[in-house]
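These are the residues of each chain, in order.
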Amino acid sequence: MSLRYQIIPVTPFEQNCTLLWCDETMEGTLIDAGGDIAKLHAAIDKNNIKITKLLLTHGHLDHVGAAKQVAQHYDVKIEGPQKEEQFWLDMLPQQAMMFRFPPAQAFLPDRWLEQGDTVTVGNLQLEVRHCAGHTPGHVVFIHHDSKLAIVGDVLFNGGIGRTDFPRGDYQTLINAIQQQLFTLDDDYQFIAGHGQMSTIGHEKKHNPFVGKFG
């Protein structure tokens, strides 16, 4: 079996929504369906994918703004983030007003995720790791067979997530990166919530916040 994916930048914040699927079953998911619904539908249709669930890394508007509508459209459930993210999901209407996004409704995911959980997409299994700091209930998804991680706003190519939001914490974020991401092999690639892909090894050596010289 093999994992396939397409990165779809959405919203004015250029958030990397990941369309991820199993090429044996052609069942797939969207990770962080933040907006631009027509663009998401077009990518799904072009690849002939059957969406079976939506996954969320955390509750910021640019990552979840379209999730409820997309889940209703495909009649699927939403899994993630971790339960400490509820207050961000409750604040979606205010987030939309603040950033002048289209109106967004608060919602509850169908399944909260915890450290060590697994989620399935077709024949693929993704490991869930809880990586708080940017937000308290942030999770990441790891497919070990492909050596691929989808890390939301925890770690970037050359950067880390902001920690100046409510309930953000810098040291908690650094600890999560070192304990949950930097324990992966150097050749693991990751898709960040914004910007270009990178590898764990590259960030260990060169990231100015948490790398060799961080």
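Here, residues in each chain are numbered from 1, in the same order as that chain's written sequence. Note on the predicted model: pLDDT of at least 70 is required for a residue's local features to be given, and 80 or more for side-chain atom pairs to be given and counted; whole-chain, interface and lining totals, by contrast, use all residues. Note: side-chain values were computed over all heavy atoms of the structure, leaving out hydrogens and water.

S.K.: I'm lost on the overall build of the protein chain in this one. Help?
M.R.: What the protein chain contains, in helices and strands, is seven helices and 13 strands. Any two residues whose heavy atoms approach within 4.5 Å at even a single point are treated as in contact. In the protein chain, the share of contacts with a sequence separation of at least 24, taken over all contacts with a separation of at least 6, comes to 58%. Surface exposure here means Shrake-Rupley accessible area, sampled with a 1.4 Å probe, where a residue is shielded only by the protein chains that are shown. With the model as given, the accessible surface of the protein chain reaches about 9,500 Å², and the carbon-plus-sulfur share is 50%. Segments assigned H or I by DSSP are reported as helices when at least four residues long, segments assigned E as strands when at least two residues long, and all are numbered from the N terminus.

S.K.: For this particular structure, what's the right way to read the pattern of salt bridges?
M.R.: Close approach of charged atoms lets side chains of opposite charge pair. Salt bridges are counted wherever a side-chain nitrogen of Lys or Arg sits within 4 Å of a carboxyl oxygen of Asp or Glu. Within the structure shown, the criterion is met by ten salt bridges. Glu127 is the partner of Arg129 in a salt bridge, and the nearest nitrogen-oxygen pair spans 3.0 Å. Of the charged contacts in the structure, one is a salt bridge between Asp187 and Lys147, with a shortest N-O distance of 3.0 Å. One end of the pair, Asp187, is in the loop between helix H6 (170-181) and strand S12 (189-192); the other, Lys147, is in the loop between strand S8 (139-143) and strand S9 (148-152), and 40 residues separate them in sequence. Each residue gets one of three labels from its accessible area relative to the maximum for its type: buried under 20%, exposed over 50%, partly exposed in between, using a 1.4 Å probe on protein chains only. When its relative accessible area of 28% is taken as the criterion, Lys147 is described as partly exposed. Several salt bridges share partner residues, and in doing so they unite Lys53, Glu79, Arg111 and Asp117 into one network.

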